Amino acid sequence: MFDLVNRKKRVVQVILGLAVLPFMFWGVESYRSDGGEGYVAIVEGDEISRREYEQALRDHHERLRGMLGANFDSAMLDNFEVRNSVLERLIQQRLLQQEAVKNGFVVLDSQLIKTIQDVQAFQKNNKFSKQQYEELLRNQGLTPEIFESRVRQELLLQQLLDGYSENAITPSTIAERVQYLSEVRREISQSQIASDQFLSQAVPGEADVSAYYEQHKTDFDLPERAKVEYLVLSLGAVAKNEFVSDEAVNTYFSEHQSEFGQSEERKASHILISVSADAPEEEKQIARGKAEKILEQVEQDPDQFAEIAGEHSDDPGSAMRGGDLGFFSRGVMVKSFEDKIFSMQPDEISDIVETDFGLHIIKLTAIKEERHPDLEEVREQIQNTLKIEMVESVFGEIAEDFSNVVYEQGESLQAAAEKFELTIEKSDWITRDSIDPAVLSNENLLTAIFSDDVILNSRNTEAIEVDPDTFVSARIIEYKPATAQSLAVVRDEIVEKLKHEMAASMAVAEGQERLIRLQAGEVLDDVAWDDTQSISYMQPQGLDNEALRAIFRAEVDELPAYTGVVNPEGGFNLIQISKVVEPEPDERTTLENFTKQLQQMITQEEMSSYLAAIRQRYEVKIKQNSF
């Protein structure tokens, strides 16, 4: 998908990133003396310390802040998925380091010196400055020894991954075929033979019902269930009881006014004609010619911008939304693109704008003016922030105390509820796989609830962290073990399932029979075709991969041609191919440029497979609930 955020593209550049300060290295040398602080994971015997993990979170936080600017919201980091992804990146780096050492890769001192001396941030008057080098490191809290150790590690990884990032080979015949398939279009219409129309004919026999029940008896077992009462101790729940003075609110507002302002945002749509900044001049001229034709079409009928974007834009992500890029503020898009948008009026259509990604035709669709709320509008928000700050430093002790109380007085939650001013809540029936209520859906908590100690001894569960700074303890108030259901109870459910399976089979048989007749040249008057669609692999118009493969595998020497696929939802889709639209010469990207793009895709796939493979070869243990 086209991404206007101006970032590095090559894998090695992403890994190395030497020219960016503050430094983004997640090296390990400076952390390995911190064994007393605990760990979050062990990779083949090598610990990833909690301190290293927390530093990685902070680095991730700062990168997002720098990239998103005013749109940055620190709350987006307070979820398991983000925290887990940061840990996975650390694990991946450890795996690659061990793999590099195992395969005998080394970094010469001369390589290290040259790499550091080539970093622009360390140069003065285009020459490496030792004074500037040491000063910049000092400002980042780093010593040359630690920094050089990290650079050496990154260079080691670069050597290992160069085999994937630099040596992808794509035969020209394959590139030509893939290029053709990505650009050729076929005009099709469909006729769906739905399974519903056969339901009245589907009558399962008693023997079929009995046989299905015997083969799938365990599928109809009622899982063990429980009703529980529980307490939720969270940072917010503790903080809400704190008192914040008006003076503190006023002071905070005066010192943090920039946090409450909403910078101007603009919403735009675009049409991208992709062409590389280093493409040959001939290719650039072809792209510009295409862009000029599209601009002329847009200017003649501005209301059709979305439809034209969907048909012609090379940005598949936004093309599906009519070119819509949503709202964004300054500092998010590349400069030339952004400067143009922030100089336009609503509904204005730009001339052709050139960026490193290609040529753009832009339509400004809306503006959100800059806004600065007054104190009363944000008073409650400030109060909540200050309350959180007041208890943040002691919440760890409170959580530990909570954990001790629910354990030591394990026959009831009442003592903990009274001590921490919490309300005991009650659930409906839940199972080991419940997702509602969300606070009880944590896997570790559900495992604890359905443990023998809690079931048989009627005890509280331990306090389990289900989200950052959110702990839950629960106890069972009613329990039912797993039970098998008789055929009499589930008979109607089985009959309904078999009816739909039989109806789907009838629809597929009917569709395949009609397809054979159509392919034989017979005209079927009772087939109602939908409106014609122009589809390609790049713009499938909602078709799934199976349908696309069938369409582009079909012989089209004589038109109309026919093919068909089983509908994943039941039934059969007949497909009529009425026209093949060959790529126009001026729309074809050069084979050389396309081959490069294809090689990049193959490289990414190979690298993903390699990383997945080494993850399987090494022992990785993650300390649950520690991150």
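This text goes with the structure placed above it.
Let me sum up the structure you'll find in this document. Each chain has its residues counted from 1, running along the sequence as written. Where local features are concerned, this predicted model is filtered to residues with pLDDT of at least 70; where side-chain atom pairs are given and counted, the filter is 80 or more; whole-chain, interface and lining totals use all residues. Water and hydrogen atoms play no part in the side-chain values, which are based on all heavy atoms of the structure.

### Side note on the overall build of the protein chain
Here a strand is any run of E in DSSP of at least two residues, a helix any run of H or I of at least four, and the numbering for each starts at the N terminus. A tally of regular secondary structure across the protein chain gives 22 helices and 17 strands. Each residue is placed in one exposure class: buried if its accessible area under a 1.4 Å probe, protein chains only, is under 20% of its type's maximum, exposed if it is over 50%, and partly exposed if it falls in between. When each of the 627 residues of the protein chain is scored for burial, the buried share is 41%. The contact criterion used is simple: two residues touch if any of their non-hydrogen atoms lie within 4.5 Å. Taking as baseline every contact in the protein chain between residues at least 6 positions apart, the subset at least 24 positions apart corresponds to 73%. For the protein chain, the exposed surface amounts to about 35,200 Å²; the carbon and sulfur share of it is 47%. Using a 1.4 Å probe, accessible areas were evaluated by the Shrake-Rupley method; residue-level cover was limited to the displayed protein chains.

### Some remarks on the sheet that holds strand β7 (residues 265–274)
Taken together, four strands build an open sheet; the order of strands is β8-β7-β10-β9 and the sheet is antiparallel. In this open sheet, the two strands that pair with only one neighbour each are β8 (324–329) and β9 (353–355). Strand-to-strand twist in this sheet, taken as the mean axis angle between neighbours without regard to direction, amounts to 45°. Across three bridges, β9 lies against strand β10 (residues 358–368) in antiparallel orientation. Note that in β10 the partner of V353 across the bridge is H360. Two strands qualify as a pair provided that DSSP identifies no fewer than 2 bridges between them. Between N-to-C directions, angles cover 0 to 180 degrees, with each direction set by a line fitted to C-alpha atoms, over the stretch in contact for helices.

### A few points about the pairing of strand β1 (residues 39–43)
With four of five residues buried, β1 lies mostly within the body of the structure. As defined by bridge partners, β1 adjoins strand β2 (residues 46–49) across four bridges and the pair is classed as antiparallel. Among the inter-strand pairings, A41 is bridged to a residue of β2, identified as I48. Here β1 pairs with strand β17 (residues 620–622) via three bridges, running antiparallel. Paired with I42 across the strands is K621, a residue of β17.

### So, the environment of P302
Assignment of secondary structure puts P302 in the loop between α12 (281–300) and α13 (305–312). Along the primary structure P302 and I349 are separated by 47 residues, whereas in three dimensions their C-alpha atoms are 7.9 Å apart. Not counting chain neighbours up to four residues away, the residues in contact with P302 comprise I349 and K363.

### Notes on the nonpolar core
Within the largest apolar cluster, 34 residues are counted, with the highest numbers of intra-cluster contacts made by L96 and F147. Put simply, the parts of the chain that give this core at least two residues each are β1, α2 (50–68), α3 (80–102), α4 (109–117), α5 (130–139), α6 (144–165) and α22 (591–617). We call a set of buried residues a nonpolar core when its members are Ala, Val, Leu, Ile, Met, Phe, Trp, Tyr or Cys and they connect through side-chain atoms within 4.5 Å of each other. Core analysis: the second largest hydrophobic core is formed by 20 residues, L231, A237, A239 and F420 among them.

### Concerning unusual backbone geometry
The peptide bond linking D436 to P437 adopts the cis configuration, its omega dihedral lying at 0°. With respect to the helices and strands, P437 occurs in the loop between β11 (425–426) and α18 (443–449). Here the residue pair L559 and P560 is connected by a cis peptide bond, since its omega of 0° sits within 30 degrees of zero. Backbone geometry places E421, a non-glycine residue, at a positive phi of 55°. In this fold, E421 is placed in the loop between α17 (414–419) and β11. Among the residues examined, E421 registers a relative accessible area of 57% and is labelled exposed. In this structure, D469 takes a positive phi of about 60° despite not being glycine. On the secondary structure map, D469 appears in the loop between β12 (464–467) and β13 (470–480).

### Considering the pattern of salt bridges
Salt bridges are defined by distance alone: a side-chain nitrogen of Lys or Arg within 4 Å of a carboxyl oxygen of Asp or Glu. Counting across every chain of the model gives 27 salt bridges. The salt bridge involving E229 is made with R475; its shortest N-O contact spans 3.7 Å. Separated by 246 residues along the polypeptide, E229 in strand β6 (residues 225–234) and R475 in strand β13 bring together distant segments of the chain. Linked through salt bridges whose partners overlap, the residues forming this network are R330, K335, E338 and D339.

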